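Here is what each chain is made of, one letter per residue.
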Amino acid sequence: MNKDLTVGKPQTVLWKFCMPLFGSIIFQQLYNIADSLVAGKFIGENALAAVGNSYEITLIFIAFAFGCNMGCSVVVSKLFGAKKYKEMKTAVYTACIFSGFVCILLMLLGIAGSTMLLSAIRTPEEVFEDSKLYMDIYAWGLPFVFFYNIATGIFSALGDSKTPFFFLAISSLSNIAVDIWFVKAFHMGVAGVAWATFLCQGISCILAMIVVFRRLAKMKEKAPLFDLQILKQIVMIAIPSTLQQSFISIGNILIQSIINGFGAPVMAGYSAAVKLNNLVITSFTTLGNGISNYTAQNLGAGKLDRVKQGFGVGVRLVWMLSLPLFLLYFFGGNIVLKFFMDAPTELAMHTGILYLKILSPFYFVVSAKLVADGILRGACMMKKFMIGTFTDLILRVLLAFCFSKTVLGATGIWCAWPVGWCVAAILSIMFYHNGTWKQTK
């Protein structure tokens, strides 16, 4: 059901809107967690390393899907908040056409360039074939990734965070079952993990798009299928959002190439731990996206005070989520990591535990940054949004490279994360507090 985020108490509105978003991203991450869990428990340590190694490259593709999601979502949110329903429908159609074009280009890159990409990050020989197999299958499923992201962006723009939650809950739980079925019953190895994700994401995408277009059909206004000016607005949000995610992914790939030099056990430990960390960061990012929708709708309606109130509510929300996640990872990291690894080596387990202990205390910092980023993006302040993002990325990559060359070794790589987060958080929050977003039309 569509929900107007410009009315009602901000705290109540944001809680009701963001909590299903948080639940959705938990189930979205279960796709990747399930792949690693099944690979590590039922195939072996090398399979876990292969899935984790491929994951860093697939994140680049997801970055483009995320950019299309945010471009569509912010523009549709503003038009929905301003009650311009005809233009809103055109924005949806335009976003679908644009996303389809981008998806085709990335599919060609993924299918033809997987060997080159895996070689570029120094993938060890013992995991190369499984990494390539996983990537090839994933590339064929990119249309499902793209159009599901478009669908969720539209739902969020209309204030509906419950519908995508239900889709993801069912499909991600099904993915776990199909993962195990393909690997245990059919002995498909890494291919079974990849095909299970392909099938379950495909079903979820098709159902979501059907609901989107049925909902649009209820709006009687006839709208053009494409508008160049609306496309420009979408692209103005999509490109910086894509660059944010893709450069983060490129940074992670560079970091992955450094990690690969320490051998398969460190790769496996990192692969398991980074999935748990990404679950948290992606959850905070998704809540930040919800703040963007809230900001865009209220700016479209000219209600600036509600945006300021939304920042305080958003920070309290993410900090309430940060506390239990910090406690779980810092004190119980050895327990959650065992879900991913069957009889792990001592080095693999030590790597994962240390990674979580170093990063988890700083979840309070990075979550506040992502709330501020959500307001900056919802207000289309993309230059300042990008400054915070690139500062984090550059510091993490450079410091990971430098620290890894010292006596710290692989531990130095994990220490680079908090430094980047803290500096970038200061910048993003400073940009929010300077108040220039209030001048956005």
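Definitions and cut-offs
- Residues numbered from 1 in each chain as written.
- Predicted model: local features only at pLDDT ≥ 70, side-chain atom pairs only at ≥ 80, totals over all residues.
- Heavy atoms only, no water.
- Helix = DSSP H or I, 4+ residues; strand = E, 2+ residues; numbered from the N terminus.
- Buried < 20%, exposed > 50% of the residue type's maximum accessible area, 1.4 Å probe, protein only.
- Contact = heavy atoms within 4.5 Å.
- Lys, Arg positive; Asp, Glu negative; His and termini not counted.
- Charge placed at Lys NZ, Arg CZ, Asp CG, Glu CD.
- Axes fitted to C-alpha atoms, helices over the stretch in contact; angles between N-to-C directions.
- Parallel < 35°, antiparallel > 145°, perpendicular 65-115°, else oblique.
- Nonpolar A, V, L, I, M, F, W, Y, C, P; charged D, E, K, R; others polar.
- Expected span 1.5 Å × (residues − 1).
- Core = buried A, V, L, I, M, F, W, Y, C linked by side-chain atoms within 4.5 Å.
- pLDDT = per-residue confidence, 0-100.

Draft legend 1. How the structure looks around the overall build of the protein. Along the backbone of the protein there are 14 helices and 0 strands. Counted from the first residue to the last, the protein has its helices and strands arranged as α-α-α-α-α-α-α-α-α-α-α-α-α-α. Considering only C-alpha atoms, the protein reaches an extent of 60 × 45 × 35 Å along its principal axes. A burial count over the protein gives 61% of its 441 residues as buried. Excluding contacts between residues fewer than 6 apart, the proportion of contacts in the protein whose partners are at least 24 apart in sequence is 85%. Computed over 34 positive and 19 negative side-chain charges, the separation of the two mean positions in the protein equals 16 Å.

Draft legend 2. Geometry of the packing of helix α9 (residues 264–300) against helix α10 (residues 304–337). As a packed pair, α9 and α10 sit with axes 11 Å apart at the nearest point and diverge in direction by 170°. Viewed along their axes, α9 and α10 adopt a mutual orientation that is roughly antiparallel. Counted by class, the contact of α9 with α10 contains 19 nonpolar, 6 polar and 1 charged residues.

Draft legend 3. Here's a closer look at the side chain of Thr-295. Here Thr-295 is to be found in helix α9. Apart from residues no more than four positions distant in its own chain, Thr-295 is found in contact with Val-307, Gly-374, Ile-375, Gly-378 and Ala-379.

Draft legend 4. Structural detail: the environment of Ile-97. If you trace the backbone, Ile-97 turns up in helix α3 (residues 85–120). For Ile-97, a relative accessible area of 46% gives the class partly exposed. Residues Ile-97 and Ala-47, spaced 50 residues apart in sequence, show a C-alpha to C-alpha distance of 37 Å. Here Ile-97 is in contact with Leu-225 and Phe-226, once residues within four sequence places are set aside.

Draft legend 5. Examining helix α12 (residues 363–378) more closely. Between the first and last C-alpha of α12 there are 22 Å, a value that for 16 residues agrees with the 22 Å anticipated at 1.5 Å per step. Most of α12 sits out of view: 14 of its 16 residues are buried.

Draft legend 6. Seen up close, the nonpolar core. If you look at the biggest cluster of nonpolar residues, it comprises 71 residues, and the most contacted ones within it are Tyr-355, Trp-414 and Trp-417. The greatest single-element share of this core, amounting to 16 residues, is contributed by α9. Discounting chain neighbours no more than four positions away, the residues touching Trp-414 are Ile-259, Tyr-270, Thr-351, Leu-354, Tyr-355, Ile-358 and Leu-359. Core analysis: the second largest hydrophobic core is formed by 48 residues, Tyr-93, Ala-95, Ile-150 and Leu-168 among them.

Draft legend 7. Expanded view of the confidence of the model for the protein. Summarising the model, the protein shows a mean pLDDT of 83, and 94% of its residues fall at 70 or more. Mean pLDDT across the elements of the protein bottoms out in helix α1 (residues 10–43) (74) and peaks in α12 (91).

Draft legend 8. Region of the structure containing the environment of Pro-20. Looking at the element boundaries, Pro-20 is found in helix α1. Setting aside chain neighbours within four positions, we find Pro-20 in contact with Trp-15, Ser-161, Lys-162 and Phe-165.

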